[in-house]
Amino acid sequence: MDQKTRFDAAFSAQLDALRAEGNYRWFANLERHAGDFPRATRRHAGGQGDVTVWCSNDYLGMGQHPAVAEAMKAAIDSCGAGAGGTRNISGTNVHHVELERELADLHGKEAALLFTSGYVSNWATLSTLGARLPGCVILSDALNHASMIEGVRHSRAEKRIWKHNDLADLERQLASIEPGRPKLIAFESVYSMDGDIAPIREICDLADRYGAMTYLDEVHAVGLYGPRGGGVAEREGLMDRITVIEGTLGKAFGVVGGYIAASAAVCDFVRSFASGFIFTTSLPPAVAAGACVSIRHLKESDAERLAQRRAVALLRARLDRLGIPHLPNPSHIVPVMVKDPVKCKLLSDILLDEHGIYVQPINYPTVPKGTERLRFTPSPLHSEADIDRLASALHGLWSQCALARAAA
Ligand SMILES: *Cc1c(COP(=O)(O)O)cnc(C)c1O
């Protein structure tokens, strides 16, 4: 064997192990239909067919909103395709500046800072804060997103993981840290896989008592919660108690990009020291322009949020009637629990191939082994007929695969 073959064999062996566990990832090749959310054409080896997408993080269909698309087209016509540089070297466009103002306003903060994705915003901000505050300890919720975990790891700051949403454990750990050391509590509002929501107020109370900063990932909440779509902290009147609010432009706002909103000093600090902010080409101006329109729209309009809530309630009611087990939670995320990676994949394949229903199976390592699930995200644009079709397909599959029903 030559070198290349030897390396490829090593890679293939690990991929085979992944396949054997049922955890190998297959991507559905979709062509989304502008103006017809949640419909898409799926292309596959055997041909192509139309599907209803049930697992998009474009939670409100804003990625296809005519005003958003128009703003993007207009910005391409006026500014061209790319930003042309890093923020420091010719890549700061009027649309970036305007968007940062819009985001600071959304969260009631002095400033905001854009990144190329939510992942990068978490990674860059946490790693910079943790690395540059001498003696800093980061207290990280056990279910934090990979981007936060990587940021904390990269900071090389001391890390304490507290049990998910467990105030007693958080307090115990805060109390055990020398009082003079800088502390940062990092957590999320809506957790994406279980759809549960953190006790933000109580965490802020603990932060006050122990003199800690707070870092809140509102990626699955911005656009969706609060009267202006500022997230769960807005809904609960807590935005001013959070040191750093982090969000994405790629989920409910329907475009792409990430950001933090915080004090002018924090944003300036991250702007000045974060490698993941400094050394990368800024977002295309058209992306910033589209995001700006999307945020403004959701600041004014509650219609999408209300219709989404109705769709979520309707799907839950249908599942309950049929005894299809799903995690109860106070959010817009409906995790249907299959608890087996192979069956989870099989169900998703049958839904796709026989019912034109696309939901990606969620397996390890995204969720713990034994909690494999289908994660449904009903949107304002899923009709009652879509929901009925989904529920009846699941009903049939639950019998066909001899899966356990929930007590009625
Ligand atoms: C998706 C996600 C991110 C990353 O946001 P992107 O804009 O998609 O990079 C960050 N945090 C959480 C909790 C997420 O689910």
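Residues numbered from 1 in each chain as written. Predicted model: local features only at pLDDT ≥ 70, side-chain atom pairs only at ≥ 80, totals over all residues. Heavy atoms only, no water.

The protein is annotated in an unreviewed UniProt entry as 5-aminolevulinate synthase from Albimonas pacifica. The UniProt entry for the protein carries the following comment under Sequence similarities (unreviewed entry): "Belongs to the class-II pyridoxal-phosphate-dependent aminotransferase family." Under the heading Catalytic activity (unreviewed entry), UniProt records this for the protein: "succinyl-CoA + glycine + H(+) = 5-aminolevulinate + CO2 + CoA". (UniProt positions renumbered as here; feature names shortened; annotations may be inferred.)

1. Describing the packing of helix α13 (residues 341–355) against helix α14 (residues 384–400)
Angle between the axes and distance between the axes are the two parameters that describe a pair of packed helices. For the pair α13 and α14, interaxial distance at closest approach is 11 Å and the crossing angle is 130°. When the axis of α13 is compared with that of α14, the two are oblique. The handedness of the crossing between α13 and α14 comes out as right-handed. Of α14, the residues touching α13 (which contributes Leu347, Ile350, Leu351 and His355) are Ala393, Leu394, Leu397, Trp398 and Gln400. For the contact of α13 with α14, the per-class residue count stands at 7 nonpolar, 2 polar and no charged. (Axes fitted to C-alpha atoms, helices over the stretch in contact; angles between N-to-C directions. Helix = DSSP H or I, 4+ residues; strand = E, 2+ residues; numbered from the N terminus. Parallel < 35°, antiparallel > 145°, perpendicular 65-115°, else oblique. Left-handed = near helix turned anticlockwise from the far one by under 90°. Contact = heavy atoms within 4.5 Å. Nonpolar A, V, L, I, M, F, W, Y, C, P; charged D, E, K, R; others polar.)

2. A closer look at the sheet that holds strand β10 (residues 258–262)
Picture the strands of a sheet paired through backbone hydrogen bonds; they go either parallel or antiparallel. Spatially, 7 strands are ordered β4-β10-β9-β8-β7-β5-β6 in an open sheet, and the strand pairing comes out mixed. Each end of this open sheet is capped by a strand with a single partner; those strands are β4 (111–115) and β6 (158–162). For this sheet, the mean angle separating the axes of adjacent strands, direction not counted, is 20°. Pairing geometry for strand β9 (residues 244–248) and β10, over 4 bridges, is antiparallel. Paired with glutamate 246 across the bridge in β10 is isoleucine 260. Its contacts with the sheet place helix α3 (residues 94–106) against β4 and β10, and it is angled at close to 125° to β4. Most of the contacts of helix α6 (residues 167–175) go to β6, to which it runs at about 155°, and overall it touches β5 (137–141), β6 and β7 (183–188). (Pairing = 2+ DSSP bridges.)

3. With respect to the layout of surface pockets
Of the volumes computed, that of the second largest pocket is approximately 220 Å³. Broken down by secondary-structure element, the contributors of at least two residues to the lining of the second largest pocket are β2 (39–44) and α13. Here the element with the most residues in the lining of the second largest pocket is α13; it accounts for 5 residues. In the lining of the second largest pocket, the residues fall into 6 nonpolar, 4 polar and 5 charged. (1 Å grid on protein atoms, 1.4 Å probe; cavity = no way out; pocket = protein on both sides within 12 Å on 5 of 7 lines; lining within 4 Å. Points joined across faces, edges and corners; volume = space filled by probe spheres on them.)

4. Quick look at empty space enclosed by the protein
Taken as a whole and assessed by the stated rule, the structure comprises 1 cavity of 30 Å³ or more. Estimates place the volume of the largest cavity at around 80 Å³. In this structure, the largest cavity is lined by Arg87, His96, Leu114, Phe115, Thr116, Gly276, Phe277, Thr280, Thr281, Ser282 and Leu283. Counting only elements with at least two residues in the lining of the largest cavity, the list comes to β4 and α10 (275–278). Tallied by class, residues from the lining of the largest cavity come to 4 nonpolar, 6 polar and 1 charged.

5. Re the site of the ligand
The full set close to the ligand counts 13 residues, and Gly118, Asp217, His220, Thr248 and Lys251 are the nearest of them. Between the ligand and aspartate 217, the relevant distance is 2.7 Å, taken from a nitrogen atom to a side-chain nitrogen or oxygen of the residue. Lysine 251 is positioned with one of its side-chain polar atoms (N or O) 2.9 Å from an oxygen atom of the ligand. With the chains in place, 83% of the 370 Å² that the ligand exposes on its own is no longer accessible. (Near = heavy atom within 4 Å. Polar contact = N/O pair within 3.5 Å; in protein donor to acceptor, adjacent residues only side chain to side chain. Areas by Shrake-Rupley, 256 points an atom, 1.4 Å probe, with all protein chains shown as cover.)

6. Side note on the UniProt feature "domain: Aminotransferase class I/classII large" (unreviewed entry) in the protein
The feature "domain: Aminotransferase class I/classII large" (unreviewed entry), as annotated in UniProt, sits at residues 50–394 in this numbering. What you have in residues 50–394 is 44% helix and 15% strand, and the ends, taken at the C-alpha atoms, are 19 Å apart.

7. As for the sheet that holds strand β12 (residues 357–358)
Strand order across the open sheet formed by 4 strands is β1-β2-β3-β12, with mixed pairing between neighbours. Two strands bound the open sheet, and with one partner strand each, they are β1 (29–32) and β12. In this structure, β1 lies alongside β2, joined through 4 bridges in antiparallel fashion. Across the sheet, the residue bridging to asparagine 29 is arginine 43, located in β2.

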